[in-house]
There are 2 protein chains.
Amino acid sequence: MHILIIGAAGMIGRKLTHRILADRRVSDREITRLTLADVVDPAVPPGAATAIETRAADLSLPGVAESLVAARPDLIFHLAGIVSGEAEANFAKGYRVNLDGTHLLFEAIRAEAARAPYRPRLVFTSSIAVFGAPFPARIGDEFFTTPLTSYGTQKAIGELLLADYSRRGFFDGLGIRLPTICIRPGKPNAAASGFFSNILREPLIGREAVLPVSESVRHWFASPRAAIGFLIHAATLDLGRVGPRRNLNLPGLSATVGEEIEALRRVAGDKAASLIRREADPVIERIVSGWATDFDARRALALGFRAETSFDEIIRAHIEDELGENI
Amino acid sequence: MHILIIGAAGMIGRKLTHRILADRRVSDREITRLTLADVVDPAVPPGAATAIETRAADLSLPGVAESLVAARPDLIFHLAGIVSGEAEANFAKGYRVNLDGTHLLFEAIRAEAARAPYRPRLVFTSSIAVFGAPFPARIGDEFFTTPLTSYGTQKAIGELLLADYSRRGFFDGLGIRLPTICIRPGKPNAAASGFFSNILREPLIGREAVLPVSESVRHWFASPRAAIGFLIHAATLDLGRVGPRRNLNLPGLSATVGEEIEALRRVAGDKAASLIRREADPVIERIVSGWATDFDARRALALGFRAETSFDEIIRAHIEDELGENI
Ligand SMILES: NC(=O)c1ccc[n+]([C@@H]2O[C@H](COP(=O)([O-])OP(=O)(O)OC[C@H]3O[C@@H](n4cnc5c(N)ncnc54)[C@H](O)[C@@H]3O)[C@@H](O)[C@H]2O)c1
Ligand SMILES: NC(=O)c1ccc[n+]([C@@H]2O[C@H](COP(=O)([O-])OP(=O)(O)OC[C@H]3O[C@@H](n4cnc5c(N)ncnc54)[C@H](O)[C@@H]3O)[C@@H](O)[C@H]2O)c1
C-alpha cells in the first residue's frame, strides 16, 4: 500500500509518520511506499525500512495536487493547513490554503479517477472550530456548524466537499473533528490555545508557564497519541458502517484548567504545579469563551474511536512519548 | 438606493423585479437605480419609472462580479444558480456556478470594500436541500446540514462563506433557505420536484397533469408571493436581531400531495382535480423520499418572516397573480 501524508512536516504529520514506519502496516496491509508532502521540507526519519519520498510544495498552487495524486496513493492523509490564528490574521491566505488547497486536492483525485478507475481512502483532519457559541451543555452528533472563525468556516467547507465527493464516488473520505490536541510537544507557541499545553509541558521540565485564563475554563481535549489513533482508525474503518454522513465528532476529554492542574499535581507533584504563574489576559479569556466545552460523541464511540478519559492519562502519555519516561 | 439583482431573468428574479418596480421603495428608501444581471439577458419590464440597466454575463467568469460590484449597489440579491437536477447531472458546472460564482461575488465585494468603505446588504437564496435524510419529524433551527446532493452542498458552502464574510464586516449577509416554491408558474419542467406545481397549475387551466408519487408524500412549500415577501423582509430586517448565525430556515407549509389535491378540489372543483393522472415513477418517488417534510422555523417566525398556512391560500395567490383571478 502507498500512503501519502500531506502536511507531513507538522506536529501530527511527524507523529503519524513515525507510527506508520514503526507499524510497517495499516490494518492487514503492508506499507510499500510512503510519500511525505508539506510546504516545509518534511524530514525523513532515519533508518526507515520503507521506500520514502518527500515533496516540498504548496498544495494551493496549481499542479501540486495533481502531481501528488498522479502516483495513485491508496491512502491519503490530508493534514495540511493554516491554523486558526493565522487564518484569522491573514484572510486571503487562510482561504487559499485551507479552502482552495483542499478543493484542488479533491479535484485532482476526481481528475485522476476520470482517467482510470481510482478511489483512494482520504482522511481529513477537521476541527471542533466548525462549531460556534452558544452551545448546548454537550454538543451532540446532529448539532449545526456555525463557525465563528475563518479557520472553522474553511474546515466546515472542507467537510461538505469531502462528503459530496465521497457520495459521488471520487474517493472514500472521512472527516474527523479533532479535539484540541494536548499536550502539544515542542516550544510554547503564540496560538490562543497554547496555554492549555504550556501549563503542563513546561512545568514537567522544570520551567515556568503562564496561565492567562481562570481555572474554571472548560475545554475539549485529546492527546497527540489519541490523535494518531484516530487517524489510523479512520484509515481502516469500514465505511459501510458510516454511511453518507462522513464528518464525525470524536471522543475526547472535557476538563477545566483547574482539573488539568490537579492532574499535574497528582502526576508530578506540588513543585511542578507551583511553576504555573497566573497572569490574566482578557483577550485570550474572551476568545476561549467562544470555544466548545463538551461533546456527546456517541457516533464515533460506536464506530470504535477512543480517547483518554482523564488528564492523568494525557500527562502520562506525554511523559512516555516525549520525555523518555523521565520527569 | 441602488439595487442589484443577480439571477434576475429567473422565475424569482422576474417576480422580485416587478415587486420592486411597483413599490418604488424598499422599506423607507427610494429606489433610484436597478441593475438586472443574469447569464440570460434579463428583460426590462415596460414602462418602469426607475433607471434600469441590464447585464447579460456569467457570474462565474473572471471579472464579471467585479464589474457588477464596481457600481457599489447598496442592496444585492444573489439569486443566480444552477438548480438541483443540473448540478447533479453536471458536477463541474454546478461547482463552477454555485460555488465559484458565489465566492467570486463575495470576493469582489471584499475587494471593493478594501478600496473605500463599502458594506452592502446581501440576500442569498439558499435551499432546504442543505439538509439530508434521515430527519427528525420536524427540522429545528439547530439541525445539522448534511446535504445529499451537490446542489445542497454548494448552497451550504455559500451559507458558510456568507456568514464568515459578514462576520468580517465585508458585507451584511443573510441567507434564506427557501421552501420549495409552489405553484411555480410557466410550463411544466423536468425538475424532480416539478409535479408538486404541475398537478395544480395545469388543472387550473383545464389541462391534464401527471402525478408520479403517492398522495401520502409530504413536503415543505411556500408560494412565489411568499418568496418575494421573504426577500424583501431579508433586505430590510435589522441584522442586530439576527446575530452571527446568518442562515435561516424559513416558515412554510408542510403538506401532503393528498392535501394539495383536496385544496385544489375546494378551490377549483372536482373537474379540476379529475385532470390529475396517476402514473407512478419509482425514480422520482425515491428522490423525493430523501427530501425534508417539515420544519419548526421558530427563529424566522420570531424575526417576522411569514408564509401561507394552507394550500387553499397558495392556490388563490396563484389565481390572483398568474391567472388574472380567472379560473
Ligand atoms: N493540533 C490540534 O490541536 C488540531 C486540532 C484540530 C484540528 N487540527 C488539524 O490537524 C491538522 C494537523 O495539525 P497540526 O497540529 O499537526 O498542525 P501543524 O501546523 O503542526 O501542521 C500543519 C502542516 O501543514 C503544512 N502546510 C501549511 N500550508 C501548507 C500548504 N499550502 N501546502 C502544504 N502544506 C502546508 C504546514 O507546513 C504544517 O507542517 C491541521 O489540518 C489542523 O488544522 C489540529
Ligand atoms: N424555486 C425554488 O423552489 C427554490 C427553492 C430553494 C432555493 N431556490 C433558489 O432561489 C434562486 C432563484 O430560483 P428560481 O426558481 O428563480 O430559479 P431559476 O432557475 O428560475 O433562476 C436562476 C437564474 O440564475 C441564472 N444563472 C444561472 N447561472 C448563472 C450564471 N453563471 N451567471 C448569472 N446567472 C446565472 C439563470 O439564468 C436563471 O435565470 C436560486 O438560487 C435557487 O437555487 C429556489
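Given the structure is predicted, the values throughout are model-derived calculations rather than measurements.

Caption draft 1: Quick look at unusual backbone geometry. Geometrically, the link from A133 of chain B to P134 of chain B is a cis peptide bond, its omega value of 0° lying close to zero. One can find P134 of chain B in the loop between β7 (121-127) and α5 (150-167). For the bond from C182 of chain B to I183 of chain B, the omega torsion is 10°, close enough to zero to count as cis. By secondary structure assignment, the location of I183 of chain B is in the loop between β9 (180-181) and α6 (194-204). The phi angle at R72 of chain A is positive, at roughly 55°, despite the residue not being glycine. With respect to the helices, strands and loops of the structure, R72 of chain A is situated in the loop between α2 (64-69) and β6 (75-78). Residue classification places R72 of chain A among the partly exposed positions, given a relative accessible area of 26%.

Caption draft 2: The site of ligand 1, seen in detail. Residue and element names in this part refer to chain A. Near ligand 1 you find 26 residues, and of these I12, D38, D58, Y151 and R184 are the closest. Take G10: an N or O atom from its main chain is 3.0 Å from an oxygen atom of ligand 1. For ligand 1, an oxygen atom lies 2.6 Å from a polar atom in the side chain of Y151. Listing elements by their share of the shell around ligand 1, those giving two or more residues are α1 (11-23), β7 (121-127), α5 (150-167) and β9 (180-181). Considered class by class, the residues forming the shell around ligand 1 number 15 nonpolar, seven polar and four charged.

Caption draft 3: How the structure looks around the sheet that holds strand β13 (residues 253-256) of chain B. Residue and element names in this part refer to chain B. Across the sheet, three strands lie side by side as β9-β11-β13; this open sheet has mixed pairing. Sheet topology places β9 and β13 at the edges, where each strand pairs with a single neighbour. Here four bridges tie strand β11 (residues 218-222) to β13, and the two strands are oriented antiparallel to one another. Within β13, the position partnered with R218 by the bridge is T256. Where helix α8 (residues 257-273) meets the sheet, its contacts fall on β11 and β13, and the angle it forms with β13 comes to roughly 90°.

Caption draft 4: Geometry of the domain arrangement of chain A. Residues and elements named next belong to chain A. Per the domain assignment, the segments of chain A are domain 1 (2-179 + 222-251) and domain 2 (194-218 + 254-297 + 308-322). Here the C-alpha centroids of domain 1 and domain 2 sit 27 Å apart. Taken together, the contacts link 17 residues of domain 1 with 14 residues of domain 2. For the pair domain 1 and domain 2, the two sides together bury roughly 1,300 Å², of which 51% comes from carbon and sulfur. The largest per-residue losses of area from domain 1 upon contact with domain 2 belong to R138, I139 and R225, which jointly make up 39% of the total buried on that side.

Caption draft 5: Quick look at the site of ligand 2. All names here are of chain B. Taken together, 26 residues lie near ligand 2, and I12, D38, D58, Y151 and R184 sit nearest. T125 places a side-chain nitrogen or oxygen 3.2 Å from an oxygen atom of ligand 2. Contacts to ligand 2 include Y151, whose side-chain N or O atom sits 2.6 Å from an oxygen atom. Listed by contribution, the elements that provide at least two residues to the shell around ligand 2 are α1 (11-23), β7, α5 and β9. Per-element tally for the shell around ligand 2: the top contributor is β7, with three residues. Of the residues contributing to the shell around ligand 2, the split by class is 15 nonpolar, seven polar and four charged.

Caption draft 6: Highlighting the packing of α6 of chain B against α8 of chain B. Residue and element names in this part refer to chain B. Direction vectors running N to C along α6 and α8 enclose 5°, while the axes themselves pass 10 Å from each other. The orientation of α6 relative to α8 falls into the category roughly parallel. Contact residues: F195, F196, I199, L200, P203 and L204 in α6; V257, E260, I261, L264, A268 and A272 in α8. Considered class by class, the residues forming the contact of α6 with α8 number eleven nonpolar, no polar and one charged.

Caption draft 7: Representation of helix α8 (residues 257-273) of chain A within the structure. The end-to-end C-alpha distance of α8 of chain A is 12 Å, clearly below the 24 Å that 17 residues give at a rise of 1.5 Å each. Those residues of α8 of chain A that are buried are in contact with α6 (194-204), β10 (209-211), β11 (218-222), β13 (253-256), β14 (276-278) and α11 (311-322) of chain A.

Caption draft 8: Structural detail: the side chain of E260 of chain B. Residues and elements named next belong to chain B. Note on placement: E260 falls in helix α8. One buried charged residue, E260, forms no salt bridge at all, with the nearest opposite charge on R201 at 9.9 Å. Ignoring sequence-local partners within four residues, the contact set of E260 consists of C182, F196, I199, L200, F221, F311 and I315.

Calculation notes
- Residues numbered from 1 in each chain as written.
- Chains lettered and ligands numbered in written order.
- Predicted model: local features only at pLDDT ≥ 70, side-chain atom pairs only at ≥ 80, totals over all residues.
- Heavy atoms only, no water.
- Helix = DSSP H or I, 4+ residues; strand = E, 2+ residues; numbered from the N terminus.
- Buried < 20%, exposed > 50% of the residue type's maximum accessible area, 1.4 Å probe, protein only.
- Near = heavy atom within 4 Å.
- Polar contact = N/O pair within 3.5 Å; in protein donor to acceptor, adjacent residues only side chain to side chain.
- Nonpolar A, V, L, I, M, F, W, Y, C, P; charged D, E, K, R; others polar.
- Pairing = 2+ DSSP bridges.
- Contact = heavy atoms within 4.5 Å.
- Axes fitted to C-alpha atoms, helices over the stretch in contact; angles between N-to-C directions.
- Domains from an automatic or database assignment.
- Buried area = accessible area lost by both parts, 1.4 Å probe.
- Parallel < 35°, antiparallel > 145°, perpendicular 65-115°, else oblique.
- Expected span 1.5 Å × (residues − 1).
- Lys, Arg positive; Asp, Glu negative; His and termini not counted.
- Salt bridge = Lys/Arg side-chain N within 4 Å of Asp/Glu carboxyl O.

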